[in-house]
Amino acid sequence: MEWINSLPKIELHAHLNGSIRDSTLLELARVLGDKGVIVFTDVEDVIKKNDRSLAEVFKLFDLIHKLTTDHKTVTRITREVVEDFALENVVYLELRTTSKRNDSIGMSKCSYMEAVIEGLKSISEVEVEFVSASDSRKLDNVCDGIHRKKIYVRLLLSIDRRETTESAIETVKLALEMKNVGVVGIDLSGNPLVGEW
Ligand SMILES: [Zn+2]
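So, here is what we can say about the structure in this document.

Definitions and cut-offs
Residues numbered from 1 in each chain as written. Predicted model: local features only at pLDDT ≥ 70, side-chain atom pairs only at ≥ 80, totals over all residues. Heavy atoms only, no water. Pairing = 2+ DSSP bridges. Helix = DSSP H or I, 4+ residues; strand = E, 2+ residues; numbered from the N terminus. Right-handed = clockwise from strand over helix to strand, strands pointing away. Expected span 1.5 Å × (residues − 1). Buried < 20%, exposed > 50% of the residue type's maximum accessible area, 1.4 Å probe, protein only. Arc of directions from axis to C-beta. Core = buried A, V, L, I, M, F, W, Y, C linked by side-chain atoms within 4.5 Å. Domains from an automatic or database assignment. Contact = heavy atoms within 4.5 Å.

## Points about the pairing of strand E5 (residues 183-189)
1) Next: Across six bridges, strand E4 (residues 150-160) lies against E5 in parallel orientation. Bridge pairing in E5 links Leu157 to Ile186.
2) Next: Note that the unit made of E4, helix H8 (residues 165-177) and E5 has a crossover that is right-handed.

Encoded structure:
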């Protein structure tokens, strides 16, 4: 494991929501439990478990959707996930995420993605390059005297099969608009038995 860890690696399909630290999931679940939104003890086991069945995985995905609804949390998990990949010596990371619209908290697909970008900008533990080379220079930290790990991060916007065509087109347009901040593609995701894609 140590040798594998030390190798520089390329990760071409990491799910943002699927890569959240267990400690963060437990912390967020506890908060929602205290608010009475979920029953913490019902979900504690499935978070801590290592060998989950497919049914348990989808149960966990449902829980994660409830835990990561606000901008602040999206920013936090983006920061932590990228830091974790960098510390495992991933040097190039394509992170895919489904930009969500949630009118009740004033979240649009665009503001969701802004929260992701905010997360990338807030990383100080490692050096992150996520915009095209010509634009990246102004973001570089120069002369801090410390040699830090560097990770290149690119984003894939995902379309959930349950979404309407209109909503899917919105994601495609957003991906095109965000080409200059590291978006390199789109992804079709979700339960393949649902919808008519
Ligand atoms: Zn996937």
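Read on, since the account is not over.
## Considering helix H4 (residues 54-67)
Every α-helix winds through 3.6 residues per turn, so residues three or four apart in the chain are directed the same way.
1) Next: For H4, built from 14 residues, the straight-helix expectation of 20 Å at 1.5 Å per residue is met to within 8% by its first-to-last C-alpha distance of 20 Å.
2) Next: Within H4, the full set of buried residues consists of Leu60, Leu63, Ile64 and Leu67. Here the buried residues of H4 occupy an arc of 105° about the axis, which is enough to place them on one side. Exposed side of H4, more than 90 degrees from the buried face: Leu54 and Ala55 are the residues found there.

## Section: the nonpolar core
1) Next: Counting residues in each nonpolar core, the largest one holds 46 residues, and the members touching the most others are Val82, Leu93 and Ile151.
2) Next: Mapped onto this core, the elements with two or more residues apiece are helix H2 (22-34), helix H3 (40-48), H4, helix H5 (71-87), strand E2 (90-97), helix H6 (109-121), E4 and H8.
3) Next: Two domains each put at least three residues into this core: domain 1 (2-17 + 72-189) and domain 2 (21-67).
4) Next: Apart from residues no more than four positions distant in its own chain, Leu93 is found in contact with Glu11, Ala14, Val82, Phe85, Ile151, Tyr152, Val153 and Arg154.

## Looking at H2
1) Next: Relative to the 18 Å expected for 13 residues at 1.5 Å per residue, H2 spans 18 Å between its end C-alpha atoms, a close match to the ideal helical length.
2) Next: Residues of H2 that are buried: Thr24, Leu25, Leu26, Leu28, Ala29, Leu32 and Gly33.
3) Next: Those residues of H2 hidden inside the fold are in contact with H3, H4 and H5.
4) Next: Just downstream of H2 lies Gly36, where phi reads positive at about 80°.

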